[in-house]
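# Observations on chain architecture
The lines below spell out each chain.
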Amino acid sequence: MALGMHGSQMVAATLAGNPGSAALWLCRLDSGDEAHRVPQAYFALEAISIGRLAGRDVVVTGGRTGEVHVFDLADGAFWEPLGTGGGRITQLALTRDGDTAGVITWERAGEVRLWPAGPPRRSAAATQASGPAPARSRPGALALGTAHGQSLLAAQVFTGESPLSSRTSSLHILDADSGQLRWQLPLARTGAGQAELAFTQIAGLPFLVAAFEDGTVQMWKIFPEGPVQASAPSLYPPRDAYHFGYSSDVDDQVYAMAVGQDRKSTV
């Protein structure tokens, strides 16, 4: 699923349906009205983003076929696929500058590619991918951001020859324009699983944030000379619940909930 702007409206995009009748579905968040529903190959959508390419509002998708599909929100039509020679796409992002249009993809094999996007419906044969391959390893999260006027690509890279051989990972931060590796950052051992990455601004200073499913958060202040780790909050308190030990051999679904007071605590 992806969220983004089309003109002054916030829209959401996702894949709906089963392999035989899949569709790219977009709706307006202010009203819930359907904006578009167009056929989309089920296996062609594993990553999705909303943004601008060549000055136009678009939805960009990628998936197991390795093709980059661009749907034009203005005229409701697909461009010719941008990518035809890559592997399975697990993450993608649009370049920062909509006038120098391009899509950055992260493939399951660990390849990062930049697919230039010219005017709409430009021939796919004329948009061969180029760009960096930071590591031949299992891909994780991907984020694109800006710091001190430079476009940066942050990628989580797992070590080991297979997903089962190691659960450690690190962050590779690349210059998104040249593909050069700028910095490599360690990730906390407790956060060795899949991360969520985001660039943001705090008090006017660019930050990179990594969050993990166990509640671990890591943050770095990004200075011109490089990132410096900053203190980060925990997403969960030390004790978030009690387990009463009940377990059913039939199923473990919860059918009802209630809220009340236990001494001075709401439970």
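Let me begin by describing the structure that accompanies this report. Because the structure is a prediction, the values reported are computed rather than measured.

Ranked by size, the top nonpolar core spans 18 residues in total, and within it L152, L171, I173, L197, F199, L208 and W220 carry the most contacts. Within the residue set of this core, elements represented by two or more residues are β12 (139-147), β13 (150-158), β14 (169-175), β15 (181-186), β16 (195-202), β17 (205-212) and β18 (217-223). The contacts of L171, once residues within four sequence positions are left out, are A155, Q156, W183, Q184, L185, L187, L197, L208 and W220. In terms of nonpolar packing, the next biggest core, distinct from the first, is built from 14 residues, A47, V58, V68 and L92 among them.

Okay, the sheet that holds β18 next. What the four strands build is an open sheet, ordered β16-β17-β18-β19; its pairing is antiparallel. Sheet topology places β16 and β19 (226-230) at the edges, where each strand pairs with a single neighbour. Shown here is a sheet whose adjacent strand axes are inclined to one another by a mean of 25°, direction ignored. Pairing of β16 with β17, which is carried by eight bridges, proceeds in the antiparallel orientation. Bridge pairing in β17 places F199 opposite L208.

Mapped onto the elements of the fold, L142 is located in strand β12. On the basis of relative accessibility, which here comes to 11%, the residue L142 falls in the buried class. Along the backbone, L142 and A195 are 53 residues apart, and their C-alpha atoms lie at a distance of 8.9 Å. Beyond its immediate sequence surroundings of up to four residues, L142 is in contact with Q91, L92, I104, W106, L153, A154, A155 and L197.

Rules behind the numbers
- Along every chain, residues carry numbers that run from 1 in the direction the sequence is written.
- Two thresholds apply to this predicted model, a pLDDT of at least 70 for residue-level local features and 80 or more for giving and counting side-chain atom pairs, whereas whole-chain, interface and lining totals are computed over all residues.
- Each side-chain value is worked out from all heavy atoms of the structure, with water and hydrogens disregarded.
- Side-chain atoms within 4.5 Å link the members of a nonpolar core, which is a set of buried Ala, Val, Leu, Ile, Met, Phe, Trp, Tyr and Cys residues.
- Remark: exposure states derive from per-residue accessible area (1.4 Å probe, protein chains only) relative to the maximum for the residue type, with buried under 20%, exposed over 50%, and partly exposed in between.
- Only DSSP runs of H or I with at least four residues qualify as helices, and only runs of E with at least two residues qualify as strands; both kinds are numbered from the N terminus onward.
- In this description, contact between two residues means that some pair of their heavy atoms is separated by no more than 4.5 Å.
- Being paired, for any two strands, means DSSP has found at least two bridges between them.
- Axis lines are fitted to C-alpha atoms, over the contacting stretch for helices. Their N-to-C directions set the angle, which ranges from 0 to 180 degrees.

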